[in-house]
Amino acid sequence: MHTRLSSASKEVTIGDDQPFCIIGERINPTGRRLFQEQLRAGDLSAIERDVAAQVAQGAMVLDINMGVPLTDEPALLRRAVKLVQSITDLPICIDSSVVEALEAGLSVYEGRALVNSITAEDDRMAEILPMVKHYNAAVIALPNDHDEIPMEADKRLVLTKKILDTAVDKYGLAVEDIIIDPLAMPIGADPNIVNVAYETIHRIHDEYGANMTVGASNVSFGMPGRQTINATFLPMAMTVGLTSAIMDARTPQIVEAVKAADLLLGHDEWGMAWIAAHRARQVAEKASTP
Ligand code: THG
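Each chain has its residues counted from 1, following the order in which its sequence is written. Confidence filtering applies because this is a predicted model: local features only for residues at pLDDT of at least 70, side-chain atom pairs given and counted only at 80 or more, and all residues used for totals across whole chains, interfaces and linings. Each side-chain value is derived from all of the structure's non-hydrogen atoms; neither hydrogens nor water enter the calculation.

Participant: Where do I start with the side chain of E73 in this structure?
Facilitator: Starting at the N terminus, helices and strands are each numbered in turn, a helix being any DSSP run of H or I of at least four residues and a strand any DSSP run of E of at least two. In this structure, E73 sits in helix α3 (residues 73-87). When accessible area is computed with a 1.4 Å probe and restricted to protein chains, residues below 20% of their type maximum are described as buried, those above 50% as exposed, and intermediate ones as partly exposed. None of His or the chain ends enter the tally, which takes Lys and Arg as positive and Asp and Glu as negative. Each salt bridge in this description consists of a side-chain nitrogen of Lys or Arg and a carboxyl oxygen of Asp or Glu lying within 4 Å of one another. The charged side chain of E73 is buried without a salt bridge, its nearest counter-charge being R124 at 9.0 Å. Not counting residues up to four positions away in its chain, the partners in contact with E73 are M66, G67, S96, V98 and A101. Contacts: residue pairs with any heavy atoms within 4.5 Å of one another.

Participant: When you look at the side chain of T200 in this model, what are you seeing that I'm missing?
Facilitator: Within the secondary structure, T200 is located in helix α7 (residues 193-208). Looking at T200, the relative accessible area reads 0%, which means it is buried. N or O atoms within 3.5 Å of each other form a polar contact, as long as, within protein, one can give a hydrogen and the other can take it, and as long as residues adjacent in sequence are counted only when both atoms are side-chain atoms. Engagement of the side chain of T200 in a polar contact is seen with the backbone oxygen of V196, the distance being 2.7 Å. Not counting the four nearest positions on each side in its chain, T200 is found in contact with A153, R156, L157 and P182.

Participant: For this particular structure, what's the right way to read the sheet that holds strand β9 (residues 244-247)?
Facilitator: At least two DSSP bridges between two strands are required for those strands to pair. Taken together, the 7 strands give an open sheet; going across it, the order is β8-β7-β6-β5-β4-β3-β9, and neighbouring strands pair in parallel fashion. For this open sheet the edge positions go to β8 (178-180) and β9, each flanked by a neighbour on one side alone. Within this sheet the neighbouring strands show an average axis-to-axis angle of 30°, counted without direction. Axis geometry follows a simple rule: fit a line to the C-alpha atoms, using only the stretch in contact for helices, then measure angles between N-to-C directions, giving values from 0 to 180 degrees.

Participant: Before we go on, may I ask you to explain helix α2 (residues 45-57) in this structure?
Facilitator: For an α-helix the count is 3.6 residues per turn, leaving residues at separations of three or four pointing the same way. Where α2 is concerned, the buried positions are A46, I47, D50, V51 and Q54. In an axial view of α2, the angular spread of the buried residues amounts to 140°, which keeps them on one side of the axis. Pointing more than 90 degrees away from the buried face of α2 are the exposed residues R49 and A56. For α2, the secondary structure elements touched by its buried residues are β3 (21-27), α1 (33-40), β4 (61-65) and α3. Just downstream of α2 lies G58, where phi reads positive at about 120°. In this context, the arc is that of the directions from the helix axis out to the C-beta atoms.

Participant: Is there a simple way to think about the site of the ligand in this case?
Facilitator: Taken together, the neighbourhood of the ligand is formed by 14 residues, with R26, D95, D181, N218 and R226 sitting nearest. With respect to the ligand, the side chain of N116 contributes an N or O atom lying 2.9 Å from a nitrogen atom. Between the ligand and the protein, one listed contact pairs an oxygen atom with a backbone N or O atom of G215 at 3.5 Å. Compared with its free state, where it exposes 670 Å², the ligand has 70% of that area covered by protein. A breakdown of the residues in the shell around the ligand according to their chemical character gives 2 nonpolar, 6 polar and 6 charged. Whether a residue is near a molecule or strand is decided by its heavy atoms; if any one of them lies within 4 Å of it, the residue is near. Reported accessibility uses the Shrake-Rupley method at a 1.4 Å probe radius. Residues are deemed covered only where the shown protein chains occlude them. Charged means Asp, Glu, Lys or Arg here, nonpolar means Ala, Val, Leu, Ile, Met, Phe, Trp, Tyr, Cys or Pro, and polar covers whatever is left, Gly included.

The structure is reproduced here in C-alpha coordinates:
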(Lines give C-alpha, C1' and ligand atoms only; values in the text may rest on other atoms or scores of the structure.)
Protein backbone atom coordinates (compact mmCIF):
# COMPACT_ATOMS: atom_id res chain seq x y z
CA MET A 1 0.00 0.00 0.00
CA HIS A 2 1.75 3.14 -1.22
CA THR A 3 0.58 6.72 -0.67
CA ARG A 4 2.28 9.10 -3.05
CA LEU A 5 2.75 12.78 -2.17
CA SER A 6 4.62 15.29 -4.25
CA SER A 7 5.69 18.87 -4.77
CA ALA A 8 6.39 20.31 -8.22
CA SER A 9 9.70 18.42 -8.36
CA LYS A 10 9.87 15.79 -5.60
CA GLU A 11 7.89 12.66 -4.78
CA VAL A 12 7.61 10.97 -1.37
CA THR A 13 6.13 7.47 -0.93
CA ILE A 14 4.54 6.35 2.33
CA GLY A 15 4.25 2.60 2.90
CA ASP A 16 5.11 -0.26 5.25
CA ASP A 17 8.08 -1.23 3.08
CA GLN A 18 9.41 2.34 3.00
CA PRO A 19 11.48 4.44 5.39
CA PHE A 20 9.17 6.01 8.00
CA CYS A 21 7.75 9.30 6.71
CA ILE A 22 8.71 12.20 9.00
CA ILE A 23 6.18 15.04 8.72
CA GLY A 24 7.54 18.17 10.44
CA GLU A 25 4.97 19.65 12.88
CA ARG A 26 6.64 23.00 13.53
CA ILE A 27 4.76 25.37 11.19
CA ASN A 28 1.88 25.65 13.64
CA PRO A 29 1.03 28.65 15.85
CA THR A 30 -0.61 26.57 18.62
CA GLY A 31 1.22 27.39 21.86
CA ARG A 32 3.53 29.91 20.13
CA ARG A 33 2.39 33.38 21.20
CA LEU A 34 5.04 35.37 19.35
CA PHE A 35 4.41 33.47 16.11
CA GLN A 36 0.65 34.11 16.53
CA GLU A 37 1.24 37.84 16.86
CA GLN A 38 3.51 37.86 13.82
CA LEU A 39 0.93 35.98 11.75
CA ARG A 40 -1.80 38.39 12.89
CA ALA A 41 0.39 41.24 11.64
CA GLY A 42 0.88 39.43 8.31
CA ASP A 43 4.53 38.63 9.06
CA LEU A 44 5.35 35.11 7.82
CA SER A 45 9.13 35.37 8.15
CA ALA A 46 9.37 32.89 11.06
CA ILE A 47 8.18 30.21 8.64
CA GLU A 48 11.43 30.47 6.69
CA ARG A 49 13.43 29.52 9.80
CA ASP A 50 10.98 26.73 10.67
CA VAL A 51 11.38 25.27 7.17
CA ALA A 52 15.20 25.43 7.29
CA ALA A 53 15.46 23.83 10.74
CA GLN A 54 13.14 20.96 9.87
CA VAL A 55 14.69 20.29 6.47
CA ALA A 56 18.18 20.27 8.02
CA GLN A 57 17.23 17.57 10.56
CA GLY A 58 15.45 15.24 8.16
CA ALA A 59 11.81 16.22 7.65
CA MET A 60 10.36 14.56 4.53
CA VAL A 61 6.99 16.38 4.42
CA LEU A 62 6.04 19.66 6.16
CA ASP A 63 2.74 20.21 7.97
CA ILE A 64 1.38 23.76 7.68
CA ASN A 65 -1.25 24.93 10.17
CA MET A 66 -2.27 28.62 10.24
CA GLY A 67 -5.00 28.36 12.87
CA VAL A 68 -4.76 31.77 14.54
CA PRO A 69 -7.96 33.13 16.12
CA LEU A 70 -9.29 36.36 14.56
CA THR A 71 -7.47 36.05 11.25
CA ASP A 72 -8.44 35.31 7.68
CA GLU A 73 -7.19 31.71 7.83
CA PRO A 74 -7.80 30.89 4.14
CA ALA A 75 -5.73 33.90 3.04
CA LEU A 76 -2.98 33.13 5.54
CA LEU A 77 -2.79 29.46 4.57
CA ARG A 78 -2.71 30.34 0.88
CA ARG A 79 0.27 32.66 1.48
CA ALA A 80 2.04 30.13 3.72
CA VAL A 81 1.70 27.30 1.17
CA LYS A 82 3.11 29.51 -1.59
CA LEU A 83 5.96 30.70 0.63
CA VAL A 84 6.97 27.21 1.74
CA GLN A 85 6.84 25.89 -1.83
CA SER A 86 9.10 28.73 -2.92
CA ILE A 87 11.84 27.70 -0.45
CA THR A 88 11.67 23.89 -0.30
CA ASP A 89 10.73 21.01 -2.59
CA LEU A 90 9.27 18.89 0.24
CA PRO A 91 5.59 17.98 -0.16
CA ILE A 92 3.13 19.68 2.19
CA CYS A 93 0.46 18.53 4.61
CA ILE A 94 -2.26 21.22 4.68
CA ASP A 95 -3.59 21.26 8.26
CA SER A 96 -6.84 23.04 9.14
CA SER A 97 -10.25 22.44 10.66
CA VAL A 98 -11.67 25.12 8.35
CA VAL A 99 -12.89 23.75 5.00
CA GLU A 100 -12.37 27.09 3.20
CA ALA A 101 -8.77 27.18 4.42
CA LEU A 102 -8.08 23.66 3.12
CA GLU A 103 -9.55 24.65 -0.23
CA ALA A 104 -7.48 27.86 -0.35
CA GLY A 105 -4.29 25.91 0.36
CA LEU A 106 -5.10 23.23 -2.22
CA SER A 107 -5.95 25.80 -4.88
CA VAL A 108 -2.40 27.19 -4.93
CA TYR A 109 -0.52 23.96 -4.16
CA GLU A 110 1.76 22.53 -6.84
CA GLY A 111 1.89 18.74 -6.71
CA ARG A 112 0.01 16.12 -4.71
CA ALA A 113 -0.77 17.46 -1.22
CA LEU A 114 -1.85 15.71 1.97
CA VAL A 115 -5.05 17.21 3.45
CA ASN A 116 -5.26 17.20 7.28
CA SER A 117 -7.96 16.18 8.10
CA ILE A 118 -11.43 14.65 7.92
CA THR A 119 -13.37 12.71 10.58
CA ALA A 120 -15.97 9.96 10.29
CA GLU A 121 -18.77 12.57 10.37
CA ASP A 122 -20.91 12.45 7.21
CA ASP A 123 -21.06 16.24 6.71
CA ARG A 124 -17.30 16.60 7.11
CA MET A 125 -16.63 13.85 4.57
CA ALA A 126 -19.21 15.35 2.18
CA GLU A 127 -17.52 18.76 2.34
CA ILE A 128 -13.92 17.65 2.03
CA LEU A 129 -13.67 14.35 0.12
CA PRO A 130 -14.94 15.72 -3.22
CA MET A 131 -12.31 18.45 -2.88
CA VAL A 132 -9.58 15.89 -2.17
CA LYS A 133 -10.68 14.02 -5.30
CA HIS A 134 -10.86 17.19 -7.41
CA TYR A 135 -7.34 18.28 -6.48
CA ASN A 136 -5.97 14.71 -6.69
CA ALA A 137 -4.72 14.92 -3.10
CA ALA A 138 -4.41 12.38 -0.28
CA VAL A 139 -6.16 12.86 3.07
CA ILE A 140 -5.67 12.12 6.78
CA ALA A 141 -8.78 10.70 8.46
CA LEU A 142 -9.46 10.59 12.21
CA PRO A 143 -11.82 7.89 13.51
CA ASN A 144 -13.81 10.49 15.49
CA ASP A 145 -17.56 10.91 15.56
CA HIS A 146 -19.28 14.25 16.35
CA ASP A 147 -17.46 15.54 19.44
CA GLU A 148 -16.60 12.13 20.78
CA ILE A 149 -13.09 10.69 20.68
CA PRO A 150 -13.52 6.94 21.14
CA MET A 151 -11.44 5.51 24.00
CA GLU A 152 -11.61 1.88 22.81
CA ALA A 153 -9.83 0.37 19.81
CA ASP A 154 -13.06 -1.44 18.79
CA LYS A 155 -14.91 1.84 18.22
CA ARG A 156 -11.93 3.34 16.36
CA LEU A 157 -11.91 0.30 14.07
CA VAL A 158 -15.63 0.67 13.35
CA LEU A 159 -15.17 4.33 12.41
CA THR A 160 -12.09 3.53 10.31
CA LYS A 161 -14.16 1.04 8.31
CA LYS A 162 -16.90 3.64 7.86
CA ILE A 163 -14.38 6.20 6.56
CA LEU A 164 -12.66 3.81 4.16
CA ASP A 165 -15.97 2.44 2.79
CA THR A 166 -17.42 5.93 2.34
CA ALA A 167 -14.30 7.41 0.74
CA VAL A 168 -13.96 4.53 -1.72
CA ASP A 169 -17.60 3.66 -2.52
CA LYS A 170 -19.21 7.10 -2.33
CA TYR A 171 -16.42 9.51 -3.30
CA GLY A 172 -14.29 7.33 -5.58
CA LEU A 173 -11.01 7.67 -3.70
CA ALA A 174 -8.42 4.88 -3.51
CA VAL A 175 -7.67 3.26 -0.12
CA GLU A 176 -4.02 4.25 -0.52
CA ASP A 177 -5.03 7.90 -0.57
CA ILE A 178 -6.58 7.71 2.91
CA ILE A 179 -4.09 7.89 5.79
CA ILE A 180 -5.73 6.92 9.06
CA ASP A 181 -4.79 8.80 12.24
CA PRO A 182 -5.38 6.20 15.00
CA LEU A 183 -5.40 9.03 17.62
CA ALA A 184 -2.40 9.44 19.92
CA MET A 185 -3.39 11.09 23.20
CA PRO A 186 -1.43 12.28 26.26
CA ILE A 187 -0.16 9.47 28.48
CA GLY A 188 -0.56 11.86 31.41
CA ALA A 189 -4.33 11.77 30.96
CA ASP A 190 -4.77 7.98 31.10
CA PRO A 191 -2.15 5.26 31.68
CA ASN A 192 -3.75 2.95 29.10
CA ILE A 193 -4.43 5.43 26.30
CA VAL A 194 -1.19 4.80 24.40
CA ASN A 195 -1.82 1.05 24.56
CA VAL A 196 -5.17 1.76 22.90
CA ALA A 197 -3.30 3.63 20.14
CA TYR A 198 -0.90 0.69 19.65
CA GLU A 199 -3.78 -1.79 19.50
CA THR A 200 -5.60 0.43 16.98
CA ILE A 201 -2.49 0.74 14.79
CA HIS A 202 -1.88 -3.02 14.89
CA ARG A 203 -5.47 -3.89 13.93
CA ILE A 204 -5.74 -1.28 11.14
CA HIS A 205 -2.48 -2.54 9.69
CA ASP A 206 -3.70 -6.16 9.89
CA GLU A 207 -7.20 -5.60 8.54
CA TYR A 208 -6.69 -2.87 5.91
CA GLY A 209 -2.95 -2.45 5.40
CA ALA A 210 -3.70 1.28 5.33
CA ASN A 211 -1.05 3.89 5.89
CA MET A 212 -1.27 5.75 9.19
CA THR A 213 0.03 8.92 10.81
CA VAL A 214 -0.29 10.41 14.31
CA GLY A 215 0.45 13.68 16.08
CA ALA A 216 3.35 12.05 17.93
CA SER A 217 4.07 14.95 20.31
CA ASN A 218 0.59 14.59 21.79
CA VAL A 219 1.64 11.52 23.80
CA SER A 220 4.17 13.44 25.93
CA PHE A 221 2.03 16.55 26.44
CA GLY A 222 2.33 17.82 30.02
CA MET A 223 5.13 15.40 30.95
CA PRO A 224 8.79 16.19 31.67
CA GLY A 225 11.37 14.63 29.35
CA ARG A 226 9.08 14.94 26.34
CA GLN A 227 11.81 14.18 23.82
CA THR A 228 12.67 10.82 25.38
CA ILE A 229 9.00 9.85 25.52
CA ASN A 230 8.50 10.85 21.87
CA ALA A 231 11.70 9.04 20.82
CA THR A 232 10.43 5.86 22.52
CA PHE A 233 6.80 6.10 21.42
CA LEU A 234 7.62 6.19 17.71
CA PRO A 235 9.78 3.04 17.29
CA MET A 236 7.23 1.08 19.36
CA ALA A 237 4.42 2.33 17.09
CA MET A 238 6.52 1.44 14.03
CA THR A 239 6.71 -2.22 15.11
CA VAL A 240 2.90 -2.48 14.95
CA GLY A 241 2.50 -0.72 11.59
CA LEU A 242 2.67 3.08 11.92
CA THR A 243 4.12 4.41 8.64
CA SER A 244 4.43 8.16 9.30
CA ALA A 245 4.03 10.81 12.00
CA ILE A 246 3.49 14.54 12.34
CA MET A 247 6.36 15.04 14.75
CA ASP A 248 9.18 17.13 16.13
CA ALA A 249 11.60 16.87 13.22
CA ARG A 250 14.07 19.36 14.71
CA THR A 251 15.26 17.19 17.61
CA PRO A 252 18.04 14.76 16.57
CA GLN A 253 17.23 12.34 19.42
CA ILE A 254 13.73 11.76 18.03
CA VAL A 255 14.70 11.64 14.35
CA GLU A 256 17.62 9.28 15.09
CA ALA A 257 15.33 6.93 17.05
CA VAL A 258 13.08 6.70 13.95
CA LYS A 259 16.06 6.14 11.62
CA ALA A 260 17.45 3.41 13.90
CA ALA A 261 14.02 1.73 13.93
CA ASP A 262 13.96 1.89 10.10
CA LEU A 263 17.30 0.08 10.10
CA LEU A 264 16.24 -2.55 12.64
CA LEU A 265 12.91 -3.22 10.91
CA GLY A 266 14.59 -3.79 7.53
CA HIS A 267 13.59 -0.49 5.91
CA ASP A 268 17.17 0.67 5.42
CA GLU A 269 18.97 -2.13 3.60
CA TRP A 270 22.56 -2.67 4.72
CA GLY A 271 22.24 0.49 6.79
CA MET A 272 22.96 2.62 3.74
CA ALA A 273 21.00 5.65 5.02
CA TRP A 274 22.18 5.13 8.62
CA ILE A 275 25.85 4.99 7.59
CA ALA A 276 25.52 7.88 5.11
CA ALA A 277 24.01 10.08 7.85
CA HIS A 278 26.85 9.13 10.20
CA ARG A 279 29.46 10.03 7.53
CA ALA A 280 27.72 13.35 6.82
CA ARG A 281 27.87 14.21 10.53
CA GLN A 282 31.58 13.32 10.63
CA VAL A 283 32.29 15.56 7.64
CA ALA A 284 30.29 18.43 9.17
CA GLU A 285 32.12 18.02 12.47
CA LYS A 286 35.52 18.06 10.79
CA ALA A 287 34.61 21.14 8.77
CA SER A 288 33.60 23.03 11.92
CA THR A 289 36.73 22.08 13.92
CA PRO A 290 39.46 24.71 13.49
N1 THG B 1 -3.31 14.58 14.25
C2 THG B 1 -3.34 15.20 13.04
N3 THG B 1 -2.93 16.46 12.87
C4 THG B 1 -2.46 17.17 13.94
C5 THG B 1 -2.39 16.58 15.20
C6 THG B 1 -2.83 15.23 15.35
N7 THG B 1 -2.03 18.47 13.76
C8 THG B 1 -1.72 19.29 14.90
C9 THG B 1 -1.09 18.47 16.00
N10 THG B 1 -1.89 17.31 16.27
C11 THG B 1 0.32 18.06 15.60
N12 THG B 1 1.18 19.21 15.59
C13 THG B 1 1.83 19.67 16.75
C14 THG B 1 2.56 20.82 16.67
C15 THG B 1 3.27 21.29 17.79
C16 THG B 1 3.21 20.58 18.98
C17 THG B 1 2.47 19.44 19.05
C18 THG B 1 1.77 18.98 17.94
C19 THG B 1 3.92 21.05 20.19
N20 THG B 1 4.23 22.33 20.34
C21 THG B 1 4.88 22.86 21.54
C22 THG B 1 4.11 22.53 22.79
O23 THG B 1 2.88 22.60 22.79
O24 THG B 1 4.76 22.30 23.80
C25 THG B 1 4.86 24.35 21.50
C26 THG B 1 5.75 24.91 20.48
C27 THG B 1 6.80 25.79 21.08
O28 THG B 1 6.48 26.66 21.87
O29 THG B 1 7.97 25.57 20.74
O30 THG B 1 4.21 20.27 21.08
O31 THG B 1 -2.80 14.64 16.45
N32 THG B 1 -3.81 14.50 11.99
